[in-house]
Amino acid sequence: MSVNRLRIDSVKALSQKKTPEQLAMENEQLRGKVSALESQLEDTQMALCDVYELLVGGEQ
C-alpha cells in the first residue's frame with residue numbers, strides 16, 4: 001500500500017519572504033474566495049428555509 005501525497009511543499013520556497021505586492025494579490029484572491037463562499041452559504045441557508053417552510057406548511 002502506498003501513501004498518496006495531496007500536497008508537496010518545498011521548504012526553500014516557503015522560507016522566502018513575499019513582497020507586499022504578492023501579499024496584496026493573495027489577499028485579493030482570498031477575499032474573492034470568501035465572497036464566493038459567503039454567497040454559496042447564503043444560497044444554502046435560503047434553500048433550507050424553503051424546505052422548512054414546505055415541511056411546516058405540509059403538516060397543516
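In this text, all values refer to a predicted model and were calculated from it rather than measured experimentally.

(A) Inspection of the overall build of the chain at higher detail. When helices and strands are tallied, the chain shows 2 helices and 0 strands. Relative to the 2.2 N^0.38 estimate, which gives 10 Å for 60 residues, the radius of gyration of the chain is 22 Å and therefore markedly larger than a compact globule would have. Overall, the chain is about 65 × 45 × 10 Å in size when its C-alpha atoms are taken along their principal axes. For the chain, with 60 residues in total, the buried portion stands at 0%. When the accessible surface of the chain is split by element, carbon and sulfur atoms take 58% of a total near 6300 Å².

(B) Representation of the pattern of salt bridges in the model. This structure, assessed with the given rule, holds 2 salt bridges. K18 serves as the salt-bridge partner of E26, at 2.5 Å between the closest nitrogen and oxygen. The salt bridge involving R31 is made with E28; its shortest N-O contact spans 3.0 Å. With R31 and E28 both in helix α2 (residues 20–59), this residue pair falls 3 residues apart, about one helical turn. For R31, a relative accessible area of 52% puts it in the exposed group.

(C) Representation of the environment of G32. As for its placement among the helices and strands, G32 is situated in helix α2. G32 sits 24 residues away from I8 along the chain, and the two C-alpha atoms are 25 Å apart.

Cut-offs applied
- Residues numbered from 1 in each chain as written.
- Predicted model: local features only at pLDDT ≥ 70, side-chain atom pairs only at ≥ 80, totals over all residues.
- Heavy atoms only, no water.
- Helix = DSSP H or I, 4+ residues; strand = E, 2+ residues; numbered from the N terminus.
- Rg over C-alpha atoms; globule rule 2.2 N^0.38 Å.
- Buried < 20%, exposed > 50% of the residue type's maximum accessible area, 1.4 Å probe, protein only.
- Areas by Shrake-Rupley, 256 points an atom, 1.4 Å probe, with all protein chains shown as cover.
- Salt bridge = Lys/Arg side-chain N within 4 Å of Asp/Glu carboxyl O.

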